[in-house]
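Residue-level listing of the chains:
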Amino acid sequence: MQDSELIRLSDDNNQAEVRLIPNKHAPLTVPNLLSLLKVEPFNQLSPILANIEDAISQINKLSGKRAGDEEFLFILAERSNTKIEIILSKDNMKAEVNLTAGWGDNQVPISAILAELNNSNIHIGIDNTKIREQLSQLSALSAGQEIKIIVAEGLLPVHGKDAELERKVSLARERLLQPQLKADGNVDMRNLGEINMVQTDDVLIEKIPADNGTKGFDLLGKELLPKSGKDTKLQAGPGTRINPSNPLQLLATMTGQVVEVRGVLQVDDMLTIKSVDVSTGHIKFKGSILITGDVDAEMIVKSTGDITVMGFVDSATLEAEGDVIVNKGILGRKLTSSDSNQQLATTVKAQGQIRAQFVQYSELTAIGDITITKQLLHSITNTKGKLTVNDGFNRRGDIVGGSVNANNGINVVTIGATSGTKTEIFCAMQEDDIRDQLEDRSQDLKTLVEEDNTLWIKINNLPPKEKWKHDHGIVTEIKEMLYKKNRFNQQRVNEEVELQQLQLELEQYFQVHNIDVGKCIFDNVALHIGSASTVTQREHGPCRVQHKDKKIDFNYAEHA
């Protein structure tokens, strides 16, 4: 080790100086000089390796020569405080500070970080509390070690909530799933309560308005616009009106039954008859129909509202612009012996929902959901909604034979039978439609971006303001261009959000639309989910049947 008296601090205390005489101190090595820097206060300074190597080279070269009697001054180290580097994310939504511990004092005042943020044009989203908390870690670092601290974050916009229509009254279809409690606490499955009626000026719907959301910002001060919530119009159907003193309320204008037709509530006169048979003839009524008994074979019942049957439907035709609710069962029979072109005696169509306790040899078609509480046997069933064949307690609910096609998934207790009855199930067959929508929306957005860019180029190429500021025609044109530019910006935000929603819907399509089986799938059941299909060769226990990697997957863990 060299004599410690050779090294000293510079006058400003920021450098370590060494005075060397070649003929006295040579030969030298790097460890010789570094050893001088290991003691205080020099160990708080950062070695300058290039200077150390230069000093060794010169001193060793002059050793033994006439110039070797002279004294040479070299700077071996210097004070190097903690380095501050601001790193801004690509989307300008997050700023980190990279702190490299120095060879001097590691303490960094928060003002130094704020100054660096200011130099990077970051003035908002700064979290002073988090900075102070994490700066305390610096004292534990050795020279040259680094830590990163998130010092500022932008705020994403909060998209507005869509308007909601909160229905205040129940519909006839909901009655079937609400059996009454007996005095002893048991459920009376035969007593479903009275038909719900409304009176004049009863509130049917309360509208919760859409909101505009909350703006966000990035760290460079750019506003991030939210997507405004979509409005939903409160529509008055027959027998209803908008409350003149409160436009967010829909009121009844008459006594009757509330019916939902194509998503709009109306209050219908109710035709109440005991049964439909040859004595009554076919029934066609503008309003809702309540049949307290049965609908006999070959009879036709049509309604612009709901059709509610308290008894059975046997080999008849029911068509409703609202819901069809059959409190007991829908019965039918085969009209042809061919399974490939099977015709059935009973046809039930609803633009709303269909609900019944059990169904056999019937054709059901609904825009909304179909709910069967006990059995669906040898029938043809089509719904754009969801099919539920379940008593609500997972004890009864069988699909046996026939064909089922449910766009939005199936909830069932048992599919098929021990005898291996052929049963065909189709679910979630609309994937291609969503892909087409996604492609159309992507093309729309591309076109919008191109128009937006063209307009932006036109704005940027305008001549200096002095040349046109007094020309009313050009000023008006420029105002229109700027208005159009702002409209493009908002429309672009909306298009991008809707595109993301479609992409998410496509990604999650088969996670949401699947077949939940509460107890068992028997053999000889053909399962089709999207492009994937299989025919069961054995029994499967409780599971979720889903589309996975273009194959049918039986997920037993979901029902473990």
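Residues numbered from 1 in each chain as written. Predicted model: local features only at pLDDT ≥ 70, side-chain atom pairs only at ≥ 80, totals over all residues. Heavy atoms only, no water.

Draft legend 1. Representation of the nonpolar core in the model. In this structure, V295, L318, I410, I515 and V545 are the most contacted members of the largest nonpolar core, which totals 51 residues. Of all hydrophobic cores here, the second largest spans 19 residues; its members include A26, L28, I52 and I59. (Core = buried A, V, L, I, M, F, W, Y, C linked by side-chain atoms within 4.5 Å. Buried < 20%, exposed > 50% of the residue type's maximum accessible area, 1.4 Å probe, protein only.)

Draft legend 2. Representation of a negative patch on the surface within the structure. A contiguous patch of negative charge, built from D432, D433, D436, E439, D440 and D444, is present on the exposed surface. Topologically, D436 is positioned in helix α7 (residues 431-460). (Patch = residues over 30% accessible without salt bridge, like charges linked within 9 Å, V, L, I, M, F, W, Y side chains within 5 Å. Areas by Shrake-Rupley, 256 points an atom, 1.4 Å probe, with all protein chains shown as cover. Salt bridge = Lys/Arg side-chain N within 4 Å of Asp/Glu carboxyl O. Lys, Arg positive; Asp, Glu negative; His and termini not counted. Charge placed at Lys NZ, Arg CZ, Asp CG, Glu CD. Helix = DSSP H or I, 4+ residues; strand = E, 2+ residues; numbered from the N terminus.)

Draft legend 3. Layout of the sheet that holds strand β11 (residues 203-208). Spatially, the 4 strands line up as an open sheet ordered β8-β11-β15-β14, and their pairing is antiparallel. Of all strands in the sheet, those bounded by a partner on one side alone are β8 (164-167) and β14 (240-242). Direction aside, the axes of adjacent strands within the sheet are offset by 20° on average. Across 3 bridges, the pairing between β11 and strand β15 (residues 249-252) is antiparallel. By the bridge assignment, V203 is partnered in β15 with L251. (Pairing = 2+ DSSP bridges. Axes fitted to C-alpha atoms, helices over the stretch in contact; angles between N-to-C directions.)

Draft legend 4. Quick look at the sheet that holds strand β1 (residues 7-9). Across the sheet, 4 strands lie side by side as β1-β2-β4-β3; this open sheet has antiparallel pairing. Looking at the sheet topology across the chains shown, the edges are occupied by β1 and β3 (46-47). In this sheet, strand β4 (residues 72-78) lies alongside β3 in antiparallel orientation, the contact comprising 2 bridges. When the bridges of β4 are listed, P47 appears paired with A77. Along the sheet, helix α3 (residues 49-62) contacts β2 (15-20), β3 and β4; its crossing angle with β4, the most-contacted strand, is approximately 160°. (Contact = heavy atoms within 4.5 Å.)

Draft legend 5. Structural context of the pairing of strand β17 (residues 264-268). Most of β17 is tucked away: 5 of the 5 residues are buried. Burial along β17 is two-sided: the face carrying V264, Q266 and D268 and the face carrying L265 and V267 are both buried.

Draft legend 6. Focus on the environment of F312. With respect to the helices and strands, F312 occurs in the loop between β22 (307-309) and β23 (313-314). A C-alpha to C-alpha distance of 33 Å links F312 and E539, two positions 227 residues apart in sequence. Setting aside residues up to four positions removed in sequence, F312 forms contacts with G293, D294, V295, K328, G329, L331 and F358.

Draft legend 7. Main features of the confidence of the model for the protein. Of all residues in the protein, 90% attain a pLDDT of 70 or more, and the chain-wide mean is 83. A low-confidence stretch, residues 187-193 (pLDDT under 50), is modelled with 19 contacts involving residues beyond four sequence positions or located in other chains. (pLDDT = per-residue confidence, 0-100.)

Draft legend 8. Inspection of helix α4 (residues 110-119) at higher detail. Those residues of α4 that sit buried are I110, I113 and L117. Take α4 and look down its axis: the buried residues cluster within an arc of 65°, on one side only. Packing partners of the buried residues in α4 comprise β5 (83-88), β6 (94-100), α5 (128-135) and β7 (146-153). Following α4 by one or two positions, N121 has its phi on the positive side, about 65°. (Arc of directions from axis to C-beta.)

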